[in-house]
Amino acid sequence: MYETLAMFIDGRWVQGGDGRSEEVLNPATGASLGRLPHASRADLDRSLDAARKGFKIWRGTNAYDRAKVMRKAAQLIRDRQEQISQILTLEEGKILAEARLEVGSTADIIEWMAEEGRRAYGRIIPGRAANIRQMAIKEPIGPCAAFTPWNFPGITPARKIAGALGAGCSLIIKASEETPGTCIAIVRAFADAGLPAGVLNLVFGVPNDISTYLIGSPVIRKISFTGSVPVGKHLAKMAAEGMKRATMELGGHSPVIVFDDVDPVKVADVAAAGKYRNAGQVCISPTRFFVHESNYKKFAERFTEIAKGLKLGNGLEASSQMGPMANERRVGAMEMFVGDAKAKGANVAAGGERHGNAGYFFRPTVLTDVPGDARVLNEEPFGPVAPIMPFKTFDEVIEKANALPFGLAAYAFTNSTKTATAVADAVESGMVGVNHLGISMPETPFGGIKDSGYGHEGGIEGLEAYLITKFVTQLGA
Ligand code: NAD
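Fair warning: this is a prediction, and the values are worked out from it, not measured in the lab.

### A look at the overall build of the protein chain
- For the protein chain, the helix and strand inventory stands at 14 helices and 22 strands.
- A compact globule built from 477 residues would reach a C-alpha radius of gyration of about 23 Å, and the protein chain, at 23 Å, matches this within 12%.
- The C-alpha extent of the protein chain, read off along each of the three principal axes, is 70 × 60 × 40 Å.
- A burial count over the protein chain gives 57% of its 477 residues as buried.
- Contacts in the protein chain between residues far apart in sequence, at least 24 positions, make up 73% of those at least 6 positions apart.
- Of the accessible surface of the protein chain, which amounts to about 18800 Å², a share of 53% is contributed by carbon and sulfur atoms.
- In the protein chain, 54 positive and 52 negative side-chain charges are present, and the distance between their average locations comes to 6 Å.

This is the structure we're talking about:
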């Protein structure tokens with residue numbers, strides 16, 4: 001049922017050159033799923049050579065033919081949706097229904113970028129003389145390196161692979177060592193679709209060793225990272241040393257503002273479903289719930305009722321509504337956040353503790369009366385913990401929403417068009433969802449501001465991220 005663990009270098013599935021490996025665990029049981037090979041220095045050198053060679057082949061392939069290979073890979077992922085979803089749930093923990101949606105989106109993202117790559121338009125700029133032709137041409141930036149985390153092992157690699165390949169770049173991807181099987185399955189679909197050797201390479205290892213080596217190589221022209229703010233800043237500094245372009249999709253701490261003119265029960269239903277998706281391990285997870293004082297009690301009561309009613313269990317079981325956390329570190333982090341908030345005077349309205357003896361389950365948690373200095377209100381919780389706070393005025397809540405260094409996603413619920421426009425304008429965030437939480441689509445730009453990073457994935461911006469603009473002026477046209 002699980003993937004065969006291997007790396008993919010220059011069109012071949014390989015084990016690590018020096019025999020190093022690590023265990024991959026099922027977070028629902030703690031049991032081993034297999035051993036993942038690590039790349040040796042020689043493996044990384046081969047992947048860099050392959051990416052250089054692959055870039056020449058792929059940029060020389062016309063956009064129409066590139067799209068055909070990518071669309072075929074997307075179709076193979078769709079054909080294998082059930083099998084890949086099981087791999088995803090086994091290694092990450094999220095419930096199968098969510099894994100299926102993620103694998104479907106993975107195929108959608110690849111398909112969309114396959115098409116968009118055919119529209120990497122430049123432009124003609126009128127010259128100052130009749131015989132001068134001026135052109136701005138789009139070209140692929142070159143071989144790229146990408147580093148992806150464990151929480152969305154399908155769509156995060158897909159965004160980077162699809163953007164790079166759609167633009168005509170080659171790529172070396174280091175997917176998360178904790179959830180490698182899904183990315184292996186995606187790469188397998190590309191290999192089976194006929195992607196030329198070297199265009200897409202997959203390696204694993206000690207994250208910092210791999211990223212330092214790849215980013216330091218003159219072969220790599222651009223990097224893309226999704227993960228935590230401290231690691232993003234570290235990688236961005238290395239990229240700056242080589243003057244390499246970078247896309248940084250980092251953490252968030254999304255405010256959710258619930259105004260006085262909405263039905264607090266209906267909004268709590270939407271908000272709680274969003275909060276506990278993937279056990280809260282989502283960078284755009286709704287996290288700081290600011291509810292107008294007139295709606296606060298009803299909203300908190302309904303949210304608490306939902307949290308208490310959710311059935312935790314192995315994601316492979318159809319009855320499970322929330323799976324485990326992806327690793328033991330997250331359980332420890334949740335215990336710390338809840339303990340700290342309690343010590344500072346917060347009330348634990350639901351959950352607040354570990355669940356069961358096997359695996360990494362943590363109960364859906366609701367915290368009320370949370371003081372502003374609680375760590376959960378200042379550091380990204382990345383888990384199933386929902387702090388709910390009352391507010392009185394628009395200005396007060398906007399100040400609170402914008403108070404943190406993060407700026408990834410923000411949400412607001414209101415029936416007033418005037419308030420909707422005002423909040424979307426005032427909030428410091430790369431993405432804003434008004435009256436719903438659906439802000440991540442293949443065709444829309446996804447990215448943050450402030451400490452949440454820079455650059456975009458998805459939308460035309462996600463293709464642009466892998467393109468350079470070359471200006472050509474020609475006399476004698
Ligand atoms: P972490 O900061 O150690 O790692 C985050 C991710 O970066 C992991 O996938 C890891 O493999 C990778 N990584 C770490 N060091 C790296 C390096 N030097 N080079 C390349 N990749 C590197 O933390 P963690 O315990 O895995 O996750 C904890 C925090 O990370 C969460 O609380 C959350 O804030 C953040 N996170 C964010 C996202 C996101 O989607 N933005 C995803 C996963 C984790």
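### Regarding the packing of helix H3 (residues 81–92) against helix H6 (residues 180–192)
- At their nearest, the axes of H3 and H6 sit 8 Å apart, and the two run at 155° to each other. With respect to their mutual orientation, H3 and H6 come out roughly antiparallel. Taken together, the residues of H6 that come into contact with H3 (itself represented by Ile-84, Ile-87, Leu-88 and Glu-91) are Pro-180, Gly-181, Thr-182 and Ala-185.
- Classifying every residue of the contact of H3 with H6 by side-chain character gives 5 nonpolar, 2 polar and 1 charged.

### Some words on the domain arrangement of the protein chain
- When cut into domains, the protein chain gives domain 1 (7–250 + 451–474) and domain 2 (254–441).
- Spacing between the C-alpha centres of domain 1 and domain 2 amounts to 31 Å.
- Taken together, the contacts link 23 residues of domain 1 with 29 residues of domain 2.
- Of the roughly 2200 Å² buried where domain 1 meets domain 2, counting both sides, 55% is carbon and sulfur surface.

### Comments concerning the sheet that holds strand S17 (residues 365–368)
- Spatially, S14-S17-S18-S13-S12-S19-S20 is the arrangement adopted by the 7 strands of the open sheet, whose pairing is mixed. The sheet is open, and its two borders are formed by strand S14 (347–350) and strand S20 (431–434), each paired with just one other strand. Strand-to-strand, the axes of this sheet are offset by a mean angle of 25°, without reference to chain direction.
- Where S14 lies against S17, 3 bridges are found, and the strand directions are antiparallel. Among the inter-strand pairings, Asn-347 is bridged to a residue of S17, identified as Thr-368.

### With respect to empty space enclosed by the protein
- Counted according to the given criterion, the structure contains 2 cavities of 30 Å³ or more.
- In this structure, the largest cavity encloses a volume near 60 Å³.
- What lines the largest cavity is a set of 13 residues, among which Pro-255, Phe-406, Gly-407, Ala-409 and Glu-428 lie closest to the centre.
- Per-class residue counts for the lining of the largest cavity are 6 nonpolar, 5 polar and 2 charged.
- Approximately 40 Å³ is the volume attributed to the second largest cavity.
- Taken together, Gly-252, His-253, Ser-254, Gly-280, Val-282, Cys-283, Ser-285, Thr-287, Glu-380, Pro-381 and Phe-382 make up the full set of residues lining the second largest cavity.
- Classifying every residue of the lining of the second largest cavity by side-chain character gives 4 nonpolar, 6 polar and 1 charged.

### Quick look at the pairing of strand S10 (residues 222–226)
- Across the 5 residues that make up S10, a large majority, 5, are buried.
- A two-sided burial pattern is seen for S10, the buried positions comprising Lys-222, Ser-224 and Thr-226 on one face and Ile-223 and Phe-225 on the other.
- Pairing between strand S7 (residues 144–147) and S10: 4 bridges, direction parallel. Across the sheet, residue Cys-144 finds its bridge partner in S10, namely Lys-222.
- Bridge count for S10 against strand S11 (residues 245–249) is 5 bridges, and the pairing is parallel. Residue pairing for S11: Phe-225 is matched across the bridge by Met-248.
- Each parallel crossover has a hand, and the one from S10 via helix H8 (residues 229–241) to S11 is right-handed.

What counts, and at which threshold
- Throughout this document, residue positions are counted from 1 along each chain, in the order its sequence is written.
- This being a predicted model, a pLDDT of at least 70 is required before a residue's local features are given, and a value of 80 or more before pairs of side-chain atoms are given or counted; all residues contribute to the totals for chains, interfaces and linings.
- Hydrogens and water are ignored here; the side-chain numbers use all heavy atoms of the structure.
- Secondary structure elements are taken from DSSP: a helix is a run of H or I of four residues or more, a strand is a run of E of two residues or more, and numbering for both begins at the N terminus.
- Radius of gyration here is computed from C-alpha atoms only, and the compact-globule reference equals 2.2 Å multiplied by the residue count raised to the power 0.38.
- Accessible area is worked out with a 1.4 Å probe on protein chains only. A residue is then buried under 20% of its type maximum, exposed over 50%, and partly exposed in between.
- What makes two residues a contact is simply this: any of their non-hydrogen atoms within 4.5 Å.
- Accessibility throughout is a Shrake-Rupley quantity obtained with a 1.4 Å probe, and a residue counts as covered only by protein chains that appear here.
- Counting rule for charge: Lys and Arg are taken as positive, Asp and Glu as negative, and neither His nor the chain ends is counted.
- By convention, the charge on Lys lies at NZ, on Arg at CZ, on Asp at CG and on Glu at CD.
- Interaxial angles span 0 to 180 degrees and are taken between N-to-C directions of axes, which are lines fitted to C-alpha atoms, for helices over the stretch in contact.
- For classification, angles of less than 35 degrees are called roughly parallel, those exceeding 145 degrees roughly antiparallel, those between 65 and 115 degrees roughly perpendicular, and all remaining angles oblique.
- Amino acids are sorted into nonpolar (Ala, Val, Leu, Ile, Met, Phe, Trp, Tyr, Cys and Pro), charged (Asp, Glu, Lys and Arg) and polar (every other residue, Gly among them).
- Residue ranges for the domains trace back to a domain assignment, done automatically or taken from a database.
- Accessible area, probed at 1.4 Å, shrinks when two parts are joined; the buried area is that loss added up over both.
- The pairing criterion for strands is at least two bridges between them, as found by DSSP.
- Residues are called lining when one of their atoms sits within 4 Å of a cavity or pocket point, these points coming from a 1 Å grid over the protein atoms alone, where a cavity is a set in which a 1.4 Å probe fits but cannot get out and a pocket is an open set with protein on both sides within 12 Å along at least five of seven lines.
- Grid points are joined across faces, edges and corners, and a volume is the space filled by probe spheres set on the points.
- Looking down the strands as they point away from the viewer, one classifies a crossover as right-handed if the path from the first strand across the helix to the second runs clockwise.

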